[in-house]
Structure formats: C-alpha cells, structure tokens
Amino acid sequence: MKKIGKFLGRGLLAVVIFALIVAAGGTFYFKRYLPQTVAPKSFPQIEGEIQLDGLDGAVDIYRDGMGIPHIYASTTHDLFFAQGYVHAQDRFWQMDTWRHVGSGSLSEMFGKGQVKTDAFLRTLGWRRVAEQEWESLSPESKEILQAYADGVNAYLKDREAEAVSLEYAVLGLLSPDYKIQPWTPINSLTWGKAMAWDLGGNMDEEIERAILLKTLSPEQVAELFPEYPADYPVIVPEMGGQSNRQSPTQSPITNYQSPTLRQGSGQVTNLPALQSLAEDLARMENILGPKGPDIGSNSWAVSGKRTNTGKPLLANDMHLGIQMPSIWYQVALHCAPKSEACPFEVTGFSFAGVPGVVAGHNDRIAWAFTNLGPDVQDLFIEKVNPENPNQYEADGKWADFEIIEETINVVGGEPVTISIRVSRHGPVISETYGPLKDETDPKDPEDVPFKEEAGIDLPEHYVIALSWTALTPSSPFEAIWGFNLAQNWEEFREAARTFHVPAQNLLYADVDGNIGYQTPGMIPIRKNGDGMYPVPGWTGEYDWTGFIPFEELPYAFNPPSGYIVAANNQAHPRGYPYLITKEWDYGQRAARIVEMIENAPGKIDSAYVQQMHGDSKSLNAEVLVPVLMNVPLEPELAALRDTYLGGWDFQETADSPSAMLFEAFWWDLLMDTFGDELPDEYLPAGGSRWYAVMRNLVNQPDSPWWDDKDSEAVVETRDDVFARAFAEAAQCKRCIEKFGKDVAKWKWGELHTATFRNQTLGNAGIGLIEDLFNRGPYVTGGGKSIVNATGWVAGESFEINWLPSEREIVDLSNFDRSLALHTTGQSGHAFHPHYDDMIPLWARVQYYPMWWERESVVADSEGHLALKP
C-alpha cells in the first residue's frame, strides 16, 4: 500500500479518480462536504443512554479527557460486549481492514490489485488455522469472543456504511456493492496471526543470505551478520535471578551448522526465484508495515530498592510501523464489583478487534511486551515427483501433498481459484511466488535460486515450503486474558505457558515489590541446522524434533541487580544450551538503558523514566565520531567536523545540527563502503545490525570492504572512505534543499519527520484523498537503535517509518500516578477531536494520566454513556 495505484491496480484507479472528480464535485466535496457533513455522522455517542439487546444488565462507560473509555459492568459477558461496542464506535474501518488481511480477502474490498496478496495469505492459511483454534478454545474463551462479537454487531446494526466511518464514503465510489458483514470470533483470532507475521520469524533474512551468496563468500556474509556483542547486556545473565541456573532436563541440540546448497556440478550465479520471493515479501510489508530485527521495543522494570517510592516502576514502549490511526486502542475494563463470577479489573492497550488488554496492569500486577524475535520460520526445499507434481519425497518415499482449493472473490471482477499444496513441513509458498512456481528456465542450469557451495545437491524439480510455529493452532489471546486475571508471579507464569506465538519478552512487576521476566513461546529444536539458510526437506535431517521446554526458557525473578531490561537484546545467559535465534537486536538500546539505570543521580522516579524514554543518545555516533576526528580532512571540512561533532554529546534531538550532519555522514558511509559489493535490494538500511558491522569494521582499517571495487587503480582504506563520506555529507542534497548550506541552520527533526498515514486510502497518490486521512509531518528526534527509537531507511529517506507506538510508565505504589500515551488518538474517525490529539504529545515525549480509580476517571470524564438491556 505504498501507493494505492499498486494497491488497487492502475486501470481501476483511473476509473476511481474519474468517478471522484465527476461524482464528487471536485474540491468542494473533499474539502467541505466530506469533513463537515459526512465525517461527523460516524462520531460516537458518548453521553446519554442506549438500549441494546443482549446485555445482562446496565453498563457505564466514562470517556476521560483523551477519549479513553473506562467500562464498568456487572458481568464478564457485558464487559466484553461493551468493549466490542466501543471498539466498533471508534475504529471499525481499521477492524474491517484487518479482518480482510487476516482472512486473505482484501480483493473483496479493494479489487484485483490485491489478488496476489490474498493468494499468499490464503496459502499461509491464517483463517484456516484460526478456525481450528476456535474449535479448541475453552468454553470460557469462546464466551469472551462471542460476547465481544455481539457488542461489535450491536453497534453495526442498522447503520449505513458512511455512518460507520468516513472511509466507506470513499470506498463506495470504488466498490458500491461492498457490504459490511457481521463480526465473528474468527475475525478476532486471525489478527493474532497477522501480529505473529509482523513480530516473528527470519524468513526474510534466510532469503537475503542466500541471495548474498551469489556474489559473496560465506565468510563475507558472516561479517554482515555478526555475533551478538560480548560487551553488551543480556536480559537474563543467570537463569532464575537469585536462584542458581537450572540444568536442562533433556539433551539440547548443538549441531547448529546449516548446509549450503548447490545444483549439479556447475557454479550457480543467478537467483531470480529468491529475488522474486524477496520482492513479494515486500508486498506483505506494505500491508502490515516494516518488520525485521531492528523493529523491536523497550521495556524495563526497576525494583523498589532503586525507586523513590520503595515499589517498582515498569516502563514500556513498543515499536511498530507508523500508521493512522494508532495500532493501539487504550481501554479500562472493570467488573463492578469484582467477583469470582466477574474477575476482570484491568487497564492498558488493546487491539481494536480483540477483547481484553494486551499490555498494561490490573489491580495487582503490571506487564510489558517487547519482541523476542525467535527463529520460528524455516524454508524447506521439497523434491517433487517429476511424474506427479502432487507428490514430494519424504525419507526416500513419495508422499502426497495435501491439496487445498481456495476461491478469492474480487470486487468488480471474476472470482479467482487457487490450489495450495501443503507438505509435511508446511504450505508451499512457491505456488504464490511467481518464478518459484514455473518461471525458472529448466534448460538453463544457472537459472536456479541458490549458489553452489560445498554441500547439498538441489533436485531438478522442487518447491519451497514454509515451516512456521504460527501455523500450529494456538491463540495468544487466552494467555493475554490470563495476564489480565493474574494476581501474582506464579499465576502470570502459568498464563505465559500458553503464549506460544508470537513469542515475546514478558516483563513483570507487582504491588508486593517483585519484578520478573519470562521468555514464552514455541521455539523449535532442530535435528540439525541453525535456521540461517533454506534446507533440504526430503531427507528429514533438518526437521524440528520438538520445542524448548517452558521450564528451560529464560526467566528471572527479583535479580540482585534490582532491575531487568528487555530491549530485543539477547535474552538468555551466555552459554545457554538451546538455539532461540542468532538474530537478536545487537543491544545498543539495552546498553544505554542499563547505563542510565546504573548512573541515575538518585532514587529513580517517574520523571527520570520519562527522561529515559526521550533519551536520544546514539551509541553508533559514540563509536564512529572518535574515528572520524582522527581522519585527515581538507581544512574547511576539518573545521566543520570540529565545530559540530567535536564537542557533541551524541544526543539526536530534533533541533540538533550535529545530529543532522552525523546522520548524513552515516548514510554516505554505508553507501560508500558497501554500495559496490551488495545488490541494490540489500544495501544497508542502517540500524542495529549495521551499527554492529561497522563497529567491528572500523577496527580493521585495511579490510577489503573499504576498497572501492569500481576504482581499480586505487585500494581505499577506512580513512579514505570516512573522508569521502564526510565530504559528501557536507554537501547533503536533502539538507541543502531544506536548510541551505549553513550547517548551523540544519535541524535533524525537520528532515526526520513523522507523517501518520491511513494504511489504505491515505496512500492514494491523490492529494484530496490523502488530506482527508493523513496527518503530518511532525518534527521529532531520536533514531534507529536509540532509546527514543524512530526508524528510517538509509539510502531512501530520513522520514520515520517505524516508531514507539505507545509509551507507558506504571507506578506500582499508586496506579493513579501511572502515565501513558500512544501515537495518534483514540478515534479512528478523521476530523474527530481525538483523531490526532495525541500526536503532538508523542512527538515531545509527553504523557497523560493513566487513570485507575473511578473517582479520578469521573472527575476527568468528558462523557458518560449508559448501555442498558
């Protein structure tokens, strides 16, 4: 959805544009009629009384000053019914889009431009897995999901589409026959699969490494994927915290070397299939936002011995792709009174479309999430029977693929039927990945997807299947509801046992003063291999044999340090016997958070945690600037360097010319170092891994990486490349166009801006439509692998593409003193006062109260809605 021209298809888009101009009356329609007349139709009622079928009793919903609903109900059914109702009031377009993603039915909304995406989503089978999960849920879980769905549908009943959300008025010009369908529990469950895709797996990196082997040696590829730094912190230095490390109860697998692949005896130098696969994976990124090891989160818990209250403080900020509206919806759910029959009393961040609170606190405990990033995806090369394409080899015998037929309905077009093959390892993704299916040339021995290395001979006929833990039925939401109810560490850990996918770092604190950490999840144990490259599927040598036992996953409880930091850094102790992943974030954010905790000027309070959230120190600059300061430069450049980088504190604040100059230098340094040796699609984007690569490389001033392969007469060294990159940065085209040549006027935050775009219609390429839904740009600071983590892509743009999607500080001494924020606003309705009122606060790293006590909620309320049966 980078451009809706791609999203919808160019021909259809032209029809849409013509229809908009003719039927809409031009600018008046978009600038006045839609914002002033149509948009308010969808604004929610927040005062008065509404009678609804299906309630057990009365429900009170108070909206506080930021529009956050605080729901009070006497039964569990009514509590989740009301949550479904308010989600639909504020965010149904978002919910509707997400459920079409989860079900692989985007073509029903947006037309034939989404058929390929739907085909891939159907191949993965998120909806099929969700339907299996529904059948295995407990009766209590089914009741929660059904009550929630009933609440959504109670809101939708008898409402015209444009009274549900403004987007439907625009969609109606494209798809006049589109009808909003009732919400079902399956729609909620499929969103768990979408988040598992966004937060788990390393398939992209497997493909990248295989493609890089086309032109690089295995040793060179290894340099681009270094080991986790020995001097950066791990989350759990010792299993159990105060207790001794437990011994494994079963023998771990330690043969982690992956095979390399070849075909026949000739050197393979062409990779069209995997390159096409990488391009098609980008289509998923367009829908769900960027993914990868760089996009993580921060969380830390500080025990009472380090705080000013004597009770823990828990901080969290989860990093996700920038979007409009926010991915999060804040809500408070209170059983009134709390009882055995109605045990929920919880507040925090939820997903619109899913009941419960994902991250937040109840009346006894608080918990936070960051992405663990385990390697839970493997690509298997399946040998296909040349005489029967519906069979594949398994341990020396031909086995039948499972064949699944799916029909994709297309708005304004004919249905498309696809056939999906599933092996013992998982769905065959090459069925939906262009050249992987039929387009390689069988007569060309070089037209294959892997480079030859000493290792495995590729079969003549093969397909690629995906093993992924998320394709095993297991919903994360039962675990989340368990967290909502847990009253202590033991109950929290018990709920974590069922949190299988996407595996997250779970941070914990409670009112009794305890802090803890738990790794959950289904993390595979492999017979052989380390998941770094695609592996042969026909031998069974690289199959999964099970999962790491929960008791042997990393955890900590009340560690002697008095704090726990989980920022996507290595989770387990050094020497841990199991493989979780080799692709951790490289620990820069974690190192900085630890540094700030250990060097706090006194007892830590919420104000200090706020400063930590906003900290913009670049550890990358801290490594590279001292090297640059010793590089010989022309006098004018040396003076520029000394003025702006010589005394710089490495803080990338929004108004900093030093930060702007350094990041321009970093961009050019990456391109000058690696641009001559890496394919365009894998040029460095900056971030944690590239910081680690360069941190290692600057200690090798004569490394071959520094040499420009395009300049045969000269062998460049580190200092040559540093000097060239700084000279280029001083002439940064984007900077000069924005600020002029005077570096004193350069400001990092004015190029490193945040524009919040509606994920569908906000990328139309049509200004009149985009202006309806998008907000920005907003000036802000921070950067990649900085605690104030605002991502951007070196080589493309300084503009933010992922960010802290929320910030939260929970005060376990007094919940009413807790603070929170997410990115845009509670409302998903363009032109509503709460559509974008959080953005300025977010950009300045400010907060609003996370009210807990009913008296505080009522005192700050802007509306009181009573739902009655």
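It should be noted that the structure appears before, not after, this text.
Each chain has its residues counted from 1, running along the sequence as written. Owing to the predicted nature of the model, reporting of local features is limited to residues with pLDDT of at least 70; listing and counting of side-chain atom pairs is limited to 80 or more, with chain, interface and lining totals taken over all residues. To get the side-chain values, take all heavy atoms of the structure and skip hydrogens and water.

Here we look at the sheet that holds strand β14 (residues 402-408)
Put simply, the rule reads: Note on pairing: two strands pair once DSSP finds at least 2 bridges between them. The helix and strand labels rest on DSSP assignments: H or I over at least four residues marks a helix, E over at least two residues marks a strand, and numbering proceeds from the N terminus. Any two residues having at least one pair of non-hydrogen atoms within 4.5 Å are treated as being in contact. To obtain an axis, a line is fitted to C-alpha atoms, over the contacting stretch when the element is a helix, and the angle between two such axes runs from 0 to 180 degrees between their N-to-C directions.
Taken in spatial order, the three strands of this open sheet run β14-β15-β16, and their pairing is antiparallel. Each end of this open sheet is capped by a strand with a single partner; those strands are β14 and β16 (426-427). Where strand β15 (residues 416-423) and β16 come together, two bridges link them in antiparallel fashion. For Ser423, the partnering residue across the bridge sits in β16 and is Gly426. The sheet contacts of helix α6 (residues 115-124) involve β14, β15 and β16, and relative to β14 the element is tilted by about 145°.

Structural notes on the environment of Ser688
The condition that has to hold: Exposure is judged per residue with a 1.4 Å probe applied to protein chains only, and the accessible area is read against the type maximum: over 50% gives exposed, under 20% gives buried, and values in between give partly exposed.
Secondary-structure assignment places Ser688 in helix α21 (residues 688-697). Residue Ser688 is classed as buried on the basis of its relative accessible area of 1%. In this structure the C-alpha to C-alpha distance between Ser688 and Arg589, which are 99 residues apart in sequence, comes to 9.0 Å.

Notes on the state of the cysteines
This is how it is decided: Criterion for a disulfide: a pair of cysteine sulfur atoms within 2.5 Å.
According to the stated counting rule, one finds two disulfides in the structure shown. Covalent S-S linkage joins Cys335 and Cys342, the inter-sulfur distance amounting to 2.0 Å. Sign of the S-S torsion, about -80° for the bond between Cys335 and Cys342, identifies this disulfide as left-handed. Judged by relative accessible area, Cys335 falls into the buried class, the value being 5%.

Looking at the pattern of salt bridges
Using the following cut-off: Any Lys or Arg side-chain nitrogen located within 4 Å of an Asp or Glu carboxyl oxygen qualifies as a salt bridge.
Evaluated as defined, the whole model comprises 34 salt bridges. When the shortest N-O distance is used, the salt bridge between Asp811 and Arg817 registers 3.4 Å. Taking the relative accessible area as the measure of exposure, Arg817 reaches 44% and is therefore partly exposed. Linked through salt bridges whose partners overlap, the residues forming this network are Arg122, Arg128 and Glu406.

Quick look at the packing of helix α18 (residues 619-629) against helix α22 (residues 718-730)
What counts is decided by this rule: Oblique is the label for any angle not covered by the other classes, which are roughly parallel (under 35 degrees), roughly antiparallel (over 145) and roughly perpendicular (65 to 115). Under this grouping Gly is polar, as are all residues other than the nonpolar Ala, Val, Leu, Ile, Met, Phe, Trp, Tyr, Cys and Pro and the charged Asp, Glu, Lys and Arg.
Viewed as axis vectors pointing N to C, α18 and α22 meet at an angle of 100°, and their least axial separation amounts to 10 Å. The angle between α18 and α22 falls in the class roughly perpendicular. On the side of α18, the interface is formed by Leu624, Val627 and Leu628, while α22 contributes Arg718, Phe722 and Phe726. For the contact of α18 with α22, the per-class residue count stands at five nonpolar, no polar and one charged.

A short note on the packing of aromatic side chains
The line we're drawing: Pairing of aromatic rings covers Phe, Tyr and Trp, the last through its six-membered ring, and needs centres within 6.5 Å; plane angles under 30 degrees mean stacked, over 60 mean edge-to-face, and all others mean tilted. In this scheme, Lys NZ or Arg CZ marks a charge over a ring once it lies within 6 Å of the ring centre and within 35 degrees of the ring normal.
Using the criterion set out here, one finds 44 aromatic pairs in the structure. An angle of 50° between the planes, with centres 6.2 Å apart, marks the rings of Trp367 and Phe483 as tilted. Of this pair, Trp367 sits in strand β10 (residues 365-371) while Phe483 is found in helix α14 (residues 477-485), placing the two residues 116 residues apart along the sequence. Note on accessibility: Trp367 and Phe483 belong to one class, buried. Between the aromatic rings of Phe756 and Trp842, the centroid separation amounts to 5.7 Å while the plane-to-plane angle is 85°, which identifies the pairing as edge-to-face. Remark: Trp842 occurs in helix α26 (residues 839-843) and Phe756 occurs in strand β26 (residues 753-756); sequence separation between them is 86 residues. Of the residues examined, Phe756 reaches a relative accessible area of 0% and is grouped as buried. Overall, the relative accessible area of 1% leaves Trp842 in the buried class. The structure contains a cluster of three or more aromatic residues connected by ring pairs, namely Trp367, Phe369, Phe483, Trp489, Phe492, Phe499, Tyr508 and Phe557. The aromatic ring of Tyr555 is capped on one face by Arg493, whose charged end is 4.3 Å from the ring centroid. Lying over the aromatic face of Phe225, Arg689 brings its terminal NZ or CZ to 4.0 Å of the ring centre.

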